[in-house]
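Okay, here's what each chain looks like letter by letter:
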Amino acid sequence: MSYDSETLYVIDTNFLLGSLQIIDSAPYYLEALQLCQDNLYIPFIVYIEFLLNYRRIISSVEEQIEDYNKLLDEQLLIDLIELDKTFFADYFKQKFVKKAKTNNFQEKLLYRRKIVKSIDSLIEILQIPVSPALDVLNEKYKNTISSTDISSFRIQDDYKEKMAHHLNDLNILFQTPNVVGKEYSKEYFEKMKSEIKERLLIDKIPGTKDKHKEQKNKMKYFGSLEWLPSYGDGILWLDLIDFVKANQDKYNKVVLISDEKKEDWVDKDKKTLKEELVIEFVEKTGLFISKVFSSDFLKKITKVNNDDPIEELFELSQKEDWLVEAERQAQAQEQAHREYLEAYDQEYMEAYNEAQEQAHREYLEAYDQEYMEAYNEAQEQAYIENQQAE
């Protein structure tokens, strides 16, 4: 994709906010916007969302830089890297426990009472040859850290200065005529909100994946405008349709530059704009619309080579789906582990209570039997003594 004078390039909020996250890549974002300036459209809701969120993004990046630099302390690095001697013991115990799974209640009770003690004793013996090796390894770590210029690895704090220039350049772009959409009138905004409400009631995309945000009962405000967070996507969509309808003679197609991946925007398999959205857009405007990710847009519009820092952004974009899936699987495994532990503890308590009850029953039975034997013996003795007295 290269610049096309007959294409309308529409910018989403995540593109603008993305330009704040990797400062060395910010010039490429700005270059792309400037190259498309004559055919650029930033819906007013995108402009609003950027103003409402850019300080949060900048603060987050500054905190990350500060937190990272704090880690580059000699003693702290030693504490972080030093191998704890309990690591081997914990690792071995986890592996052993995993192999020693049992299902029977009594087996679990036996495990809790006897086997754990046996494992601990065995590990103490196995750690004897390991401990000296860990001491040597930890000493080598300390010597290496002490002889290294740690300060050279700190991130130089020029982020604020570069970001100030970037924000100034963005502001100049925002002030350029016809780049940012017109500010919404109260009447037009209320009309959009009413339509979005009706769309969400019948689960008409986009915005359906944000319906949960309504539960937070938090309104967003900008001047006299107020709206639910779940309405943001719908406002962008209706704004874009109305803008293209009013300017359809100027363009032959529309490209939305966005990193949105929610399933009410994007086809999960093809990573393209939802077919329902494309159809609605064509029916209402007469123009075809497609969506591209920020990284693809930047790479094809600007002059990027393999040595440019923005390559990092492309790599992150390509890995993002894998990372999201990996995170989802990790969360699922963690949840399964929690449920297993809860079930295990519940089974243990059930087995323990059952054993206690059984012991109590056996005690009562033994007590009753002993009592009856003593009672019968006393009765028999009384009878003998009575016979002797007669």
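Calculation criteria
Residues numbered from 1 in each chain as written. Predicted model: local features only at pLDDT ≥ 70, side-chain atom pairs only at ≥ 80, totals over all residues. Heavy atoms only, no water. Salt bridge = Lys/Arg side-chain N within 4 Å of Asp/Glu carboxyl O. Helix = DSSP H or I, 4+ residues; strand = E, 2+ residues; numbered from the N terminus. Buried < 20%, exposed > 50% of the residue type's maximum accessible area, 1.4 Å probe, protein only. Pairing = 2+ DSSP bridges. Right-handed = clockwise from strand over helix to strand, strands pointing away.

*Asks:* Could you give me a rundown of the pattern of salt bridges, with the residues and numbers involved?
*Replies:* Applying the stated criterion to the full structure yields 10 salt bridges. In this structure, the salt-bridge partner of Lys70 is Glu66, at a minimum N-O distance of 3.5 Å. Note that Lys70 and Glu66 are positioned in helix 3 (residues 44–71) at a spacing of four residues, about one turn of the helix. Glu66 sits in the partly exposed class, given a relative accessible area of 43%. Residue Arg199 is joined to Glu280 by a salt bridge in which the shortest nitrogen-to-oxygen separation is 2.8 Å. Taken together, the residues span a long stretch of sequence, with Arg199 in helix 9 (residues 186–201) and Glu280 in helix 11 (residues 275–285) at a distance of 81 residues. Within the structure, one salt-bridge network assembled from shared partners comprises Asp24, Asp158 and Lys162.

*Asks:* Outline the pairing of strand 6 (residues 288–292), listing residues and values.
*Replies:* One ladder, built from five bridges, connects strand 5 (residues 253–257) with strand 6; its direction is parallel. Bridge pairing in strand 6 links Val254 to Ile289. Each parallel crossover has a hand, and the one from strand 5 via helix 11 to strand 6 is right-handed.

*Asks:* A description of unusual backbone geometry should follow, citing residues and the corresponding values.
*Replies:* Omega for the bond connecting Ile205 with Pro206 falls within 30 degrees of zero, at 0 degrees, which places this linkage in the cis form. Secondary-structure assignment places Pro206 in the loop between helix 9 and strand 3 (220–222). Phi is positive for Asn178, which is not a glycine, with a value near 70 degrees. As for its position among the elements, Asn178 is in the loop between helix 8 (159–175) and helix 9. Phi is positive for Asp203, close to 55 degrees, though the residue is something other than glycine. Considering the arrangement of structural elements, one finds Asp203 in the loop between helix 9 and strand 3.

*Asks:* Go over the sheet that holds strand 1 (residues 7–11), please, and point to the residues and values.
*Replies:* Pairing within the open sheet is parallel, and its four strands lie in the order 2-1-5-6. Looking at the sheet topology across the chains shown, the edges are occupied by strand 2 (40–41) and strand 6.

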